[in-house]
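Working through the structure, step by step
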Amino acid sequence: QLQSKVLILTICAAGIGGTFQYGYNISIINAPTSYIQAFMNETWLERTGVPLESNVILLLWSLTVSAYPLGGLTGALVAGPMAIMLGRKMSLLLNNVFVIIAAVLSGFSRMAKSFEMIMLSRFFTGVNAGVSMNIQPMYLAESAPKKLRGAVALTSASFTALGLVLGQVVGLRELLGGEESWPFLLASNAVPALIQLTALPWFPESPRYLLIDRGDKESCISALRKLRGNSDLSAELEEMLAEQAAVKGQRAKNPWELFRNPALRWQVVSIVVLSSAMQLCGNDSMYFYAAYVFQEAGIPQDKIPYVVIGTGSCELITSVTCNMIIDYAGRRPLLLGGYIFMAGWAIIFMVALSQQTQISWMPYLSMACIFAYILSFGIGPAGVTGVLPTEVFDQMSRPAAYMICGSLLWFNLFLVGTAFPFIVKSLAHFCYVPFLVVCVCTALYVGFFLPETKGKSFLEISEEFKKRNFKAQTRAGFYKGPEEIKSTVL
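Residues numbered from 1 in each chain as written. Predicted model: local features only at pLDDT ≥ 70, side-chain atom pairs only at ≥ 80, totals over all residues. Heavy atoms only, no water.

**Remarks on the side chain of Ser-27**
Inspection of the secondary structure assignment puts Ser-27 in helix H2 (residues 19–28). Assessed through its relative accessible area of 5%, Ser-27 is described here as buried. For Ser-27, the side chain forms a polar contact with the main-chain oxygen of Leu-164, separated by 3.0 Å. Contact partners of Ser-27, with chain neighbours within four places excluded, come to Gly-163, Leu-164, Gly-167 and Gln-168. (Helix = DSSP H or I, 4+ residues; strand = E, 2+ residues; numbered from the N terminus. Buried < 20%, exposed > 50% of the residue type's maximum accessible area, 1.4 Å probe, protein only. Polar contact = N/O pair within 3.5 Å; in protein donor to acceptor, adjacent residues only side chain to side chain. Contact = heavy atoms within 4.5 Å.)

**Let's talk about the domain arrangement of the chain**
Along its sequence, the chain is carved into domain 1 (1–202) and domain 2 (252–469). Put simply, the middle of domain 1 and the middle of domain 2, counted by C-alpha atoms, are 21 Å apart. In this assembly, 41 residues from domain 1 lie in contact with 45 residues from domain 2. Roughly 3400 Å² of surface becomes buried between domain 1 and domain 2 when both sides are summed, with 68% attributable to carbon and sulfur atoms. Broken down residue by residue, the surface that domain 1 buries against domain 2 is led by Arg-149, Leu-154 and Gln-168, which jointly contribute 18%. Linking domain 1 to domain 2 there are 2 salt bridges. In this structure, Glu-391 and Arg-149 form a salt bridge, with 2.9 Å as the shortest nitrogen-oxygen distance. (Domains from an automatic or database assignment. Buried area = accessible area lost by both parts, 1.4 Å probe. Salt bridge = Lys/Arg side-chain N within 4 Å of Asp/Glu carboxyl O.)

**Some details on the confidence of the model for the chain**
Looking at the chain, pLDDT values average 87 and 95% of them are 70 or higher. For the chain, the element scoring lowest by mean pLDDT is helix H24 (residues 482–488), at 35; helix H6 (residues 96–107) scores highest, at 97. Note that pLDDT drops below 50 for residues 474–490; the model gives that stretch 22 contacts with residues more than four away or on any other chain. (pLDDT = per-residue confidence, 0-100.)

**Quick notes on the environment of Phe-159**
One can find Phe-159 in helix H8 (residues 149–170). Residues Phe-159 and Ile-11, 148 residues apart in the sequence, show an inter-C-alpha distance of 9.7 Å. If near-sequence neighbours (up to four positions away) are discounted, Phe-159 is found in contact with Ile-11, Cys-12, Gly-15, Ile-16, Thr-19, Phe-20 and Gln-136.

**Observations concerning helix H22 (residues 433–449)**
Three or four residues apart is the spacing at which side chains of an α-helix point the same way, because the helix has 3.6 residues per turn. Between its first and last C-alpha, H22 extends 24 Å over 17 residues, near the 24 Å set by a 1.5 Å rise per residue. When we look at burial in H22, the residues that qualify are Phe-435, Leu-436, Cys-439, Thr-442, Ala-443, Tyr-445 and Val-446. (Expected span 1.5 Å × (residues − 1).)

**Some words on the packing of aromatic side chains**
To describe a pair of aromatic rings, one takes the distance between the centres and the angle between the planes. Scanning the model with the defined rule gives 11 aromatic pairs in all. Measuring from centroid to centroid gives 6.0 Å for Phe-123 and Phe-124, while their planes differ by 70°, and the two rings are edge-to-face. Accessibility expressed as a relative area gives 25% for Phe-123, which makes it partly exposed. Measuring from centroid to centroid gives 5.0 Å for Trp-266 and Phe-449, while their planes differ by 20°, and the two rings are stacked. With Trp-266 in helix H15 (residues 265–280) and Phe-449 in helix H22, this residue pair connects regions lying 183 residues apart in the sequence. Look at Trp-266 and you get partly exposed, because its relative accessible area is 24%. An aromatic cluster of at least three residues, connected via ring pairs, comprises Phe-349, Tyr-373, Tyr-432 and Phe-435. (Phe/Tyr/Trp six-rings, centres within 6.5 Å; stacked < 30°, edge-to-face > 60°.)

**Description of the nonpolar core**
Counting residues in each nonpolar core, the largest one holds 72 residues, and the members touching the most others are Tyr-339, Trp-410 and Tyr-432. When residues of this core are assigned to domains, at least three map to each of domain 1 (1–202) and domain 2 (252–469). Ignoring any residue separated from it by four or fewer positions in sequence, one finds Trp-410 in contact with Tyr-22, Tyr-68, Pro-69, Gly-72, Leu-73, Ala-76, Gly-126, Ala-129, Gly-130 and Met-133. Counting 42 residues, the second largest nonpolar core, distinct from the first, contains Ile-29, Tyr-35, Leu-140 and Val-170. (Core = buried A, V, L, I, M, F, W, Y, C linked by side-chain atoms within 4.5 Å.)

**A closer look at the side chain of Arg-122**
Position of Arg-122 among the secondary structure elements: in helix H7 (residues 116–143). For Arg-122, a relative accessible area of 4% corresponds to the buried category. A distance of 2.8 Å separates a polar side-chain atom of Arg-122 from the backbone oxygen of Asn-25.

**A closer look at the packing of H6 against H7**
For any two helices packed against each other, the geometry is given by the interaxial angle and the distance between the axes. Packing of H6 against H7 leaves a shortest axis separation of 8 Å and a crossing angle of 160°. By the angle between their axes, H6 is roughly antiparallel relative to H7. Taken as a pair, H6 and H7 cross one another with a handedness that is left-handed. Of H7, the residues touching H6 (which contributes Asn-96, Phe-98, Val-99, Ile-101, Ala-102, Leu-105 and Ser-106) are Met-117, Leu-120, Ser-121, Phe-124, Thr-125, Val-127 and Asn-128. Residue classes in the contact of H6 with H7 are distributed as 9 nonpolar, 5 polar and no charged. (Axes fitted to C-alpha atoms, helices over the stretch in contact; angles between N-to-C directions. Parallel < 35°, antiparallel > 145°, perpendicular 65-115°, else oblique. Left-handed = near helix turned anticlockwise from the far one by under 90°. Nonpolar A, V, L, I, M, F, W, Y, C, P; charged D, E, K, R; others polar.)

**A word on helix H19 (residues 362–379)**
Look at H19: 26 Å from first C-alpha to last across 18 residues, which is about the 26 Å you get at 1.5 Å a residue. Along H19, the residues that are buried comprise Met-362, Pro-363, Ser-366, Met-367, Cys-369, Ile-370, Ala-372, Tyr-373, Ile-374, Ser-376, Phe-377 and Gly-378.

**Structural notes on the state of the cysteines**
Disulfide: a covalent bond connecting the sulfur atoms of a pair of cysteines. In this structure the tally under the stated criterion is 0 disulfides. The thiol of Cys-322 is not disulfide-bonded; the next cysteine sulfur, from Cys-281, is found 14 Å away. We classify Cys-322 as buried; its relative accessible area is 1%. Left unpaired, Cys-431 is separated from the closest cysteine sulfur, that of Cys-369, by 12 Å. Note on Cys-431: relative accessible area 0%, which makes it buried. (Disulfide = S-S within 2.5 Å.)

**Examining the environment of Asp-327**
Here Asp-327 lies in helix H17 (residues 304–329). Asp-327 sits 128 residues away from Gly-455 along the chain, and the two C-alpha atoms are 7.2 Å apart. Excluding anything up to four places from it in sequence, Asp-327 contacts Lys-147, Leu-148, Arg-149, Gly-150, Ala-151 and Lys-454. In terms of polar contacts, Asp-327 uses its side chain to reach the backbone amide nitrogen of Ala-151, at 3.0 Å.

**Some details on the pattern of salt bridges**
Tallied over the entire structure, the rule returns 14 salt bridges. Arg-228 is paired through a salt bridge with Glu-236; the nearest N and O atoms lie 2.6 Å apart. As far as burial versus exposure is concerned, Arg-228 and Glu-236 are alike and both buried. Linked by salt bridges that have partners in common, Arg-149, Asp-327, Arg-331 and Glu-391 make up one network.

Laid out in structure tokens, this is it:
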């Protein structure tokens, strides 16, 4: 029992200052929108004596919002080198510096009468989320025993959803979402950072990192002891040593080396398709629509924030459910089912939106669609996408793979955030057509090309991909000498 306790506590310590921050910081910015816009206007009026025009306020606001994914992109790019040089655990600890800087900036922005400080703080918050979104799943999947690997790495998605819900709750007017307290709301993200700084140092570094990157067998064994207790470590150690031998003499790869390496072709294609789809499937845009649809369904204006919390809780419930079933159901069925259901709901949602004014019960159908869409996203794509890079790449390629994943994730978040208002304007009720196309294409890709990784060791998974990458070549083509073998055996 003791060792499972250590593993659970490690997960919590990594999660609270990790992906929890990503969800939390996405949702706390929604509540004080109007107050911050008013603050921008007042500040400008004080400085220049001229009020801002409404479209300039909108521009400043969209800059503030898009500073977050921009910071995330920066974080995703520095996460790879950080994970290699400092180790997984140390990177997560150092990462809290960014959030604390951000909290100080936004907390004092009103006193300093500077809305630029809010923009800068959103950028730093983004950097923090970018780093943790990449390093936390890597740290946890490397620390978990094989049979629990999916479930443990998936906790990242559960912490994101938990952050979303708590952000929505703390942002209620009764708590910190009021006009007076918004600087405290924006600075509240320092609390999880401080919790992580006190808790995480007590837990071990990733055993794989210690053995394969550092070559430190003693530390690796003591880390495994802490995580697994008295259970027999020989099989697990043997597997790690096999992987260490397979990557011997190699150094950690750069993202562009992954693109150029024919032995990694399908792995790279898979993570590019799935990371892009995760943002381009329109799940985050559902939150954008939520308030409008609930209003149309006749829910009173002051009750809408509470219903929106329901949508966040939806994602939390499904990601926890997904956690329990991923190592039974496997990765493919969850991804496939998730995207097929989302495609179905998108069609119903567009029909419901177009009939919103004609038929009295249509708003309720579109409300149900929002919940169903978010549930379908939570059960598969939300969690499984983050687990895959750990499973399909070896120790030397993993940080670079997460850099590719993270960069795509943040770039597409920025893209959808910027483009969605224009898509709504031009396509009106049919604004979900582009998302529908993405869901259908992704489901087809998963159905035809993605192998199952459940319960396999990292070496077995890479063998399976190797068969795909070299299908076209004859068997004789493999043995061109040691160089060729070294690049194909992961």
